[in-house]
Amino acid sequence: MEAFYAQWVIDEENLLNDLLSVPQDRPDLHIPLISRMLSHCAAYYNRKSQIAERDVFQAFSCYWLTPVERSFLWLGGLKPDMIFRFVPSGINAAQRSEIEQLKMQMLERRSELDMRMRQVEEAMTVLMALAAVHGYVRNGEARGEATLRVAEMLRAVFDEADRLRKHVVTKIIEILNTAQTVRFLAMAANFHLRTRRYGLRQSGASD
């Protein structure tokens, strides 16, 4: 994943340059650029999903990110609250109203997933305790059984969280016009790349 992510970041930088250089009055150029950026983001989440199929705990840890990048995560991906910070200024009243409604829906869904995550954490503790009390089950077996069952629950929450993020981005793009969407995606990419660079400096690495 580290090699994939390193190349993914390079591609993101190139896409950001294209987003920043496209004329604001050329929707014919906006649409293919928007499509490229969304495909780029989908590639990352598809790769992360493949990791989750093998080991959901690794996918949740996002070990390929710097600690600074991980500070903005929620359930294995960007906090959905953050997405709204990239909505450009200058939207009209109707758009603002739709954005606010979407944000309220997101907060409600996020709260539900937070509750499910707490249930996963509780289940891990309970399942290990219940399995360990049976005399015919060794501690190692108890941990293995508990881990498998909790991994299934964790994967379900992981997938739902990613669906929520995708839903928020999709709905925002539907609300914005193409020029606004270009700015939205550019602000998101710029934030991520700046965070990445700062994280690398903090960890003493280089890009």
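Reference entry: report on the structure contained in this document. As the structure is a prediction and not an experimental result, all values here were calculated from the model. (Residues numbered from 1 in each chain as written. Predicted model: local features only at pLDDT ≥ 70, side-chain atom pairs only at ≥ 80, totals over all residues. Heavy atoms only, no water.)

**With respect to helix α1 (residues 2-21)**
In a regular helix each residue adds 1.5 Å, so 20 residues correspond to 28 Å; α1 covers 29 Å between its end C-alpha atoms and thus fits that length. By the burial criterion, the buried members of α1 are Tyr 5, Trp 8, Val 9, Glu 12, Leu 15, Leu 16 and Leu 19. The arc enclosing the buried residues of α1, seen along the axis, measures out at 130 degrees, which places them on a common side. When the buried face of α1 is taken as reference, the exposed residues oriented beyond 90 degrees from it are Ala 3 and Ser 21. Looking at the packing, one finds that the buried side of α1 touches α2 (27-54), α4 (67-70) and α8 (178-203). (Helix = DSSP H or I, 4+ residues; strand = E, 2+ residues; numbered from the N terminus. Expected span 1.5 Å × (residues − 1). Buried < 20%, exposed > 50% of the residue type's maximum accessible area, 1.4 Å probe, protein only. Arc of directions from axis to C-beta. Contact = heavy atoms within 4.5 Å.)

**With respect to the pattern of salt bridges**
Any two side chains of opposite charge can pair, so long as their charged atoms come close to each other. Within this structure, the stated rule accounts for 13 salt bridges. Two residues, Arg 26 and Asp 28, come together in a salt bridge whose shortest N-O distance is 2.6 Å. A salt bridge links Arg 155 to Asp 159; the shortest N-O distance between them is 2.9 Å. With Arg 155 and Asp 159 both in helix α7 (residues 139-175) and 4 residues apart, this pair spans about one turn of that helix. Through salt bridges with shared partners, one network takes in Arg 109, Glu 112, Glu 160 and Arg 163. (Salt bridge = Lys/Arg side-chain N within 4 Å of Asp/Glu carboxyl O.)

**What to know about the packing of α1 against α8**
Interaxial distance between α1 and α8 falls to 9 Å at its minimum, and their mutual angle equals 140 degrees. Between α1 and α8, the interaxial angle falls into the category oblique. For α1 against α8, the interelement crossing comes out left-handed. Together, Tyr 5, Trp 8, Val 9, Glu 12, Glu 13, Leu 16, Leu 19 and Leu 20 of α1 and Val 182, Leu 185, Ala 186, Ala 189, Asn 190, His 192, Leu 193, Arg 196 and Arg 197 of α8 make up the contact between the two elements. Broken down by class, the residue content of the contact of α1 with α8 amounts to 11 nonpolar, 2 polar and 4 charged. (Axes fitted to C-alpha atoms, helices over the stretch in contact; angles between N-to-C directions. Parallel < 35°, antiparallel > 145°, perpendicular 65-115°, else oblique. Left-handed = near helix turned anticlockwise from the far one by under 90°. Nonpolar A, V, L, I, M, F, W, Y, C, P; charged D, E, K, R; others polar.)

**So, the layout of surface pockets**
If you add up the space inside the largest pocket, you get close to 1000 Å³. In terms of lining, the largest pocket is formed by 38 residues, of which the most central are Cys 41, Tyr 44, Tyr 45, Arg 165 and Val 169. Contributions of two or more residues to the lining of the largest pocket are made by α1, α2, β2 (77-78), α7 and α8. The residue inventory of the lining of the largest pocket, partitioned by class, reads 23 nonpolar, 7 polar and 8 charged. (1 Å grid on protein atoms, 1.4 Å probe; cavity = no way out; pocket = protein on both sides within 12 Å on 5 of 7 lines; lining within 4 Å. Points joined across faces, edges and corners; volume = space filled by probe spheres on them.)

**Some points on α2**
In this model α2 runs 41 Å from its N-terminal to its C-terminal C-alpha over 28 residues, within 8% of the 40 Å that 1.5 Å per residue would give. Listed in full, the buried residues belonging to α2 are His 30, Leu 33, Ile 34, Met 37, His 40, Tyr 44, Lys 48, Ile 51 and Ala 52.

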